[in-house]
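Listed below are the residues making up each chain.
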Amino acid sequence: MSASDTAAVQRHLERLAAQGIDVVRVTYPDLIGTERARDVLLDHLPAAAGHGLAFCRAVYHTSPRGDVVPVTGGLDAGLPDIRVRPDLDTLTPLPWEPGVAACLGEVTDPVTGQPAPESPRDLLRTVVDRCRAHGLHPVVGPELEYFLCDPDPDTPGGWRRYSEATGAVYTAGLRADPGNHLLRTLRLLRDLGIGASGGNHEFDGSQFEINLTHGDALAAADRAFRFKSAVKELARKEGRLATFMAKPFNEAGGSGFHLHLSATDDTGTNTFADPSAPYGLSATARHAVAGVLAHAPALAALANPTVNSYKRFGPDTLAPWLIDWGLDNRSAMVRIPPERASGARLELRLGDASANPYLLIAGTIAAALLGILAGEEPPTPLEGYGYDTARSALLPATLPAALDALEEDTELTGVLGKDFTASYLTYKRDEVARFRRHVTDWEFTEYAYHL
Ligand code: GLU
Ligand code: MG
């Protein structure tokens, strides 16, 4: 570390100590966007900032159940290290954990000194830089839904929905939220400083939506990542489970991760607006829509990353089913919200809540950029409430189909990079293989008695 870096760390240390902080939690996203972290005692912060914290690179390749998937650079390489240095500019006290401040970590491969190949944050940086080289600065607004659950040993999964309220979409207050979960969560999120703007109860009982303000793509991904971790942590503190799984319950709809996207030019003007152009959308915006439609099957592999994700899709779900777009039309995969001028943007409704924010945003921006560079027009937009398979193609129906589409989409993987794509496909195909071998409750219920 240079002398000025050492002085800066010292200033942070003194400021934190004055605030009563004695632990710094250094966090970063793994391949599926869940939080990996280490709690560092304040006195050891200078060492962490200098040398970096060592983690095993296979943390990126570890399944939710804890198995290390044989991704190149992990098991085969003898489980080497990655180094994680706290980014002290992102320090923020955790409002629910007195004495603890959290910050994001910058991940490098100590052998190359470069970012780790599987680091989703660095992948997003690369894609944003690509846009910047074309004079475009992506602006992203994340919208996430989740279900809240209470423990229940009598249910197969051990959790039941927190409330069975029906008809409570777009409500706030005790009507569908008897424990005031939303109010408490919103206030803590405000104090965390991640740009939460508001929230409401969603369509199904126990389902909530909280919106984050729009902004620079990497910062928006960081905020969405911190948001998901915070909501899960806050629920755990109350003995509850907040799940961003795509479709946790048979008798309820899924949870979306809708993404609002536009791009400013070097002067900060929204390049998606043009009042004199078709639909009030600039050529850049229309080409971006065409790109997202063209690459949708591959994008699904990132936006809908689990076996469960594909159970959220379908007609009459408010989740998409077909690869289409429409003007202020919630049955379309890409909705153009009614605002124009500085508010002109697209809303991609494809992603589900389980998506890694960095990968969803990187993939969407990459698809939009490819469309802008190709200069193609999208088909005429969907009109009315439509799920007409004669008019638009279907999204992939399963995770393996989406992974195949990703592998075949060499234009998109060209932007995402060969190493990242290979790691991601290996990791996700392992998940598919494990699921294929697993006998589900449905199979037993359907067959055991009658056959
Ligand atoms: N829950 C729906 C989804 O899975 C979205 C509902 C809404 O329009 O907000 O995408
Ligand atoms: Mg919603």
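So, a few notes on the structure that sits alongside this text. All figures in this text were calculated on a predicted structure; none of them were measured in a lab. (Residues numbered from 1 in each chain as written. Chains lettered and ligands numbered in written order. Predicted model: local features only at pLDDT ≥ 70, side-chain atom pairs only at ≥ 80, totals over all residues. Heavy atoms only, no water.)

The subject of this paragraph is the overall build of the protein chain. When helices and strands are tallied, the protein chain shows twelve helices and 16 strands. Against the compact-globule benchmark of 22 Å for 451 residues, the protein chain has a radius of gyration of 22 Å, which places it among compact chains. Projecting the C-alpha coordinates of the protein chain onto the three principal axes gives extents of approximately 65 × 60 × 50 Å. Looking at the protein chain residue by residue over its 451 residues, the buried ones come to 55%. Expressed as a percentage of contacts within the protein chain between residues at least 6 apart in sequence, the contacts between residues at least 24 apart total 70%. Carbon and sulfur atoms make up 54% of the accessible area of the protein chain, which amounts to about 19,500 Å² in all. (Helix = DSSP H or I, 4+ residues; strand = E, 2+ residues; numbered from the N terminus. Rg over C-alpha atoms; globule rule 2.2 N^0.38 Å. Buried < 20%, exposed > 50% of the residue type's maximum accessible area, 1.4 Å probe, protein only. Contact = heavy atoms within 4.5 Å. Areas by Shrake-Rupley, 256 points an atom, 1.4 Å probe, with all protein chains shown as cover.)

Attention now moves to the packing of aromatic side chains. Applying the stated rule across the entire model yields 13 aromatic pairs. On the numbers, 5.4 Å between centres and 85 degrees between planes, the contact of Y385 with Y387 is edge-to-face. Taking the relative accessible area as the measure of exposure, Y385 reaches 57% and is therefore exposed. Classification of Y387 as buried rests on a relative accessible area of 16%. (Phe/Tyr/Trp six-rings, centres within 6.5 Å; stacked < 30°, edge-to-face > 60°.)

For the rest of this paragraph, the subject is unusual backbone geometry. Phi angles above zero are rare outside glycine, and D328 is one such case at about 45 degrees. Within the element layout of this structure, D328 appears in the loop between β14 (325-327) and β15 (334-336). If you check the backbone angles, A341 has positive phi at about 50 degrees while not being a glycine.

Now for the site of ligand 1. Close to ligand 1 lie E145, E202, E209, G254, S255, G256, H258, R312, L318, A319 and R349, which account for all nearby residues. Measuring from an oxygen atom of ligand 1, one finds a side-chain N or O atom of H258 at 2.9 Å. Alone, ligand 1 offers 300 Å² of accessible surface; in the complex the protein occludes 93% of this. Tallied by class, the residues present in the shell around ligand 1 amount to two nonpolar, four polar and five charged. (Near = heavy atom within 4 Å. Polar contact = N/O pair within 3.5 Å; in protein donor to acceptor, adjacent residues only side chain to side chain. Nonpolar A, V, L, I, M, F, W, Y, C, P; charged D, E, K, R; others polar.)

The element strand β10 (residues 207-212) is largely enclosed, with a buried count of five among its six residues. The antiparallel hairpin formed by strand β9 (residues 196-201) and β10 contains five residues in its connecting segment, where S206 sits at a positive phi of about 80 degrees. (Pairing = 2+ DSSP bridges.)

Glancing now at the coordination of the magnesium ion (ligand 2). Coordination of the magnesium ion (ligand 2) by the protein is provided by E145 (OE), E202 (OE) and E209 (OE), with metal-donor distances spanning 1.9 to 2.1 Å. Ordering the donors of the magnesium ion (ligand 2) by residue number gives the pattern E-x56-E-x6-E. Of this pair, E145 sits in strand β7 (residues 137-151) while E202 is found in the loop between β9 and β10, placing the two residues 57 residues apart along the sequence. Comparing E145 with E202, the two get one shared label, buried. (Donors = N, O, S within 2.8 Å, 3.2 Å for Na, K, Ca; no water.)

The biggest cluster of nonpolar side chains holds 98 residues, and the ones touching the most others in it are F227, M333, V334 and I365. Here M333 is in contact with V292, L293, A296, P320, L322, I323, D324, E347, L348, R349, L350 and L395, once residues within four sequence places are set aside. (Core = buried A, V, L, I, M, F, W, Y, C linked by side-chain atoms within 4.5 Å.)

Moving on: the packing of helix α4 (residues 181-192) against helix α5 (residues 217-237). Contact pair α4 / α5: the axes reach a minimum separation of 11 Å and the direction vectors enclose 135 degrees. Regarding the angle of α4 to α5, the classification is oblique. Here α4 and α5 pass one another in a crossing that is right-handed. Taking contact as the criterion, the partners of T185, L188, L189 and L192 in α4 are, on α5, R226, F227, A230, V231 and L234. (Axes fitted to C-alpha atoms, helices over the stretch in contact; angles between N-to-C directions. Parallel < 35°, antiparallel > 145°, perpendicular 65-115°, else oblique. Left-handed = near helix turned anticlockwise from the far one by under 90°.)

These values are about where atoms sit, not about what they do.
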